[in-house]
Amino acid sequence: MQNGITVSERDYFKEPFTEQELSGLVAEAGEPGVSAMFASRSPSLKKLGLTAAELSDDRKFSLMLEEPRLVRRPLVRLGDRLLIGASVKAITAALDE
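Residues numbered from 1 in each chain as written. Predicted model: local features only at pLDDT ≥ 70, side-chain atom pairs only at ≥ 80, totals over all residues. Heavy atoms only, no water.

(A) Representation of a nonpolar patch on the surface within the structure. A cluster of nonpolar side chains, namely Ile5, Val7 and Leu95, defines an oily patch on the protein surface of about 210 Å² accessible area. With respect to the element layout, leucine 95 can be found in helix H5 (residues 88-96). Accessibility expressed as a relative area gives 40% for leucine 95, which makes it partly exposed. (Patch = residues over 30% accessible without salt bridge, like charges linked within 9 Å, V, L, I, M, F, W, Y side chains within 5 Å. Areas by Shrake-Rupley, 256 points an atom, 1.4 Å probe, with all protein chains shown as cover. Salt bridge = Lys/Arg side-chain N within 4 Å of Asp/Glu carboxyl O. Helix = DSSP H or I, 4+ residues; strand = E, 2+ residues; numbered from the N terminus. Buried < 20%, exposed > 50% of the residue type's maximum accessible area, 1.4 Å probe, protein only.)

(B) Molecular detail of the environment of leucine 50. Mapping leucine 50 onto the fold places it in the loop between helix H3 (43-47) and helix H4 (57-66). Separated by 10 residues in sequence, leucine 50 and serine 40 place their C-alpha atoms 9.5 Å apart.

(C) Representation of the nonpolar core within the structure. If you look at the biggest cluster of nonpolar residues, it comprises 19 residues, and the most contacted ones within it are Met37, Phe38 and Met64. Counting residues per element, the ones that place at least two in this core are helix H1 (19-29), helix H2 (34-37), H4 and strand E2 (81-84). In contact with methionine 37, other than residues within four places in its own chain, are Leu22, Leu25, Val26, Ala29, Met64, Leu70, Val71, Arg72, Leu75 and Ile84. One finds Val76, Leu83, Ile91 and Ala94 within the second-largest nonpolar core, a separate group that totals five residues. (Core = buried A, V, L, I, M, F, W, Y, C linked by side-chain atoms within 4.5 Å. Contact = heavy atoms within 4.5 Å.)

(D) Summary view of the pairing of strand E1 (residues 75-78). Note that E1 and E2 share four bridges and pair antiparallel. Along E2, the bridge assignment pairs leucine 78 with arginine 81. (Pairing = 2+ DSSP bridges.)

(E) Structural detail: the packing of aromatic side chains. In this structure the tally under the stated criterion is two aromatic pairs. An angle of 40 degrees between the planes, with centres 5.9 Å apart, marks the rings of tyrosine 12 and phenylalanine 13 as tilted. Residue tyrosine 12 is classed as buried on the basis of its relative accessible area of 8%. Using a relative accessible area of 36% as the deciding quantity, one classes phenylalanine 13 as partly exposed. Taken together, the aromatic side chains of Tyr12, Phe13 and Phe17 make up a single cluster linked through ring pairs. (Phe/Tyr/Trp six-rings, centres within 6.5 Å; stacked < 30°, edge-to-face > 60°.)

Dropping the structure here:
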């Protein structure tokens, strides 16, 4: 518990998302779904010699399953909300709502 809030962490490098889990998160993200969750500026993507603009959503999804560094971080669940790539400021603002 931190500051009166129960915190649960998951290291998705050690415990990668399953296809079903990632599908659920993408659905929860709504539009633009996959693109919202894809770390398009990740050095891992550059190492693959790819750019996000040239990839379909299906390919982005597959790459996120293969390489967890391509999932935009952090993913923060606050009640029924999912914050993707949120800054500390955005998380604090969401907690104050």
